[in-house]
Amino acid sequence: MAHATLTLTMPDAVWIQQISTAYPDSTFRVLAAVPGSETGFALVRIAGSSVPNIVEDMDDHPQITELSLAQWSDNEATVHFETTAPLLMFSARESGMPIELPVEIRDGEATIEVTGSRKRLSELADQFGEFGLQYRIEHVSERLHESQILSERQLEVIAAAVDAGYYDTPRCCSLTELAGELDIAKSTCSETLHRAEEGVIKRFVENLPNVDDEEPLEEQIASP
């Protein structure tokens, strides 16, 4: 499973691009969203000094077909609305790649996080292109459960070492003492720790930016 953070720019003709760039100091935080067959529904929290004007502009925009207020103040409002241009929702639906919520939009740019297979990420990028969304990749990493990195025994020994203070500075537990607590030979304890540390360190380095990969995910979902 790959985890990616991307920054998107909507087409100029879309309402959120127009309104968010008209009020660049305001934030639009998408709390919930669901696509319909031809429209989309969302719950968005708007924050900034121009909230009344933003809500009025949204209500008047032809791409917003329905709007109701769930919460209101001079500097913040939560609105539920229907739109004919839910490009993010349509992209997620067509690619089968859910976008993690909340999503924050500010001054025409949306930052999103997605987790899925390389194939789905590639299909999501294709959908962005279909809907005219420009994007740049901020970060990509492989997201694995610790059980995919370490064996059950390695997890047990590492956890015991942390609890005993083996990795503290200064060290609160020696290798001999740790092996005694686990009732295993010192050599076995050392070997298990080394193999566990190897797996953790290699996974950490693989996820660092700009570390070469045989087949970088960035290239698979790069803009055409």
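Our structure's up above, just so we're on the same page.
The structure contained in this document is the topic of the report that follows. Here the structure is a predicted model, which means the values were calculated and not measured.

Of the pairings in the sheet, the one linking strand 1 (residues 2–9) to strand 7 (residues 109–116) comprises 8 bridges and is antiparallel in character. Residue pairing in the sheet places Thr7 in a bridge with Thr111 of strand 7. In this antiparallel pair of consecutive strands, strand 6 (residues 103–106) and strand 7, the connection spans 2 residues, and Asp107 shows a positive phi of 50°.

What follows deals with the nonpolar core. Within the largest apolar cluster, 42 residues are counted, with the highest numbers of intra-cluster contacts made by Phe28, Ile46, Met58, Phe81, Leu88, Ile112 and Val114. Apart from residues no more than four positions distant in its own chain, Val114 is found in contact with Ala2, His3, Ala4, Leu6, Met97, Pro98, Ile99, Glu100, Leu121 and Leu124. Counting residues in hydrophobic clusters, the runner-up holds 16 residues, among them Ala160, Leu178, Ala179 and Leu182.

Let us now look at helix 6 (residues 152–164). Between its terminal C-alpha atoms helix 6 stretches 18 Å, which fits the 18 Å expected from 13 residues at 1.5 Å a residue. Those residues of helix 6 lying buried are Gln154, Val157, Ile158, Ala160, Ala161 and Ala164. The arc that holds every buried residue of helix 6, seen down its axis, measures 160°, which confines them to one face. Facing away from the buried surface of helix 6 by more than 90 degrees, the exposed residues are Glu152 and Asp163.

Reading the values: the criteria
- Residues numbered from 1 in each chain as written.
- Predicted model: local features only at pLDDT ≥ 70, side-chain atom pairs only at ≥ 80, totals over all residues.
- Heavy atoms only, no water.
- Pairing = 2+ DSSP bridges.
- Helix = DSSP H or I, 4+ residues; strand = E, 2+ residues; numbered from the N terminus.
- Core = buried A, V, L, I, M, F, W, Y, C linked by side-chain atoms within 4.5 Å.
- Buried < 20%, exposed > 50% of the residue type's maximum accessible area, 1.4 Å probe, protein only.
- Contact = heavy atoms within 4.5 Å.
- Expected span 1.5 Å × (residues − 1).
- Arc of directions from axis to C-beta.

Nothing here speaks to function; it is geometry throughout.
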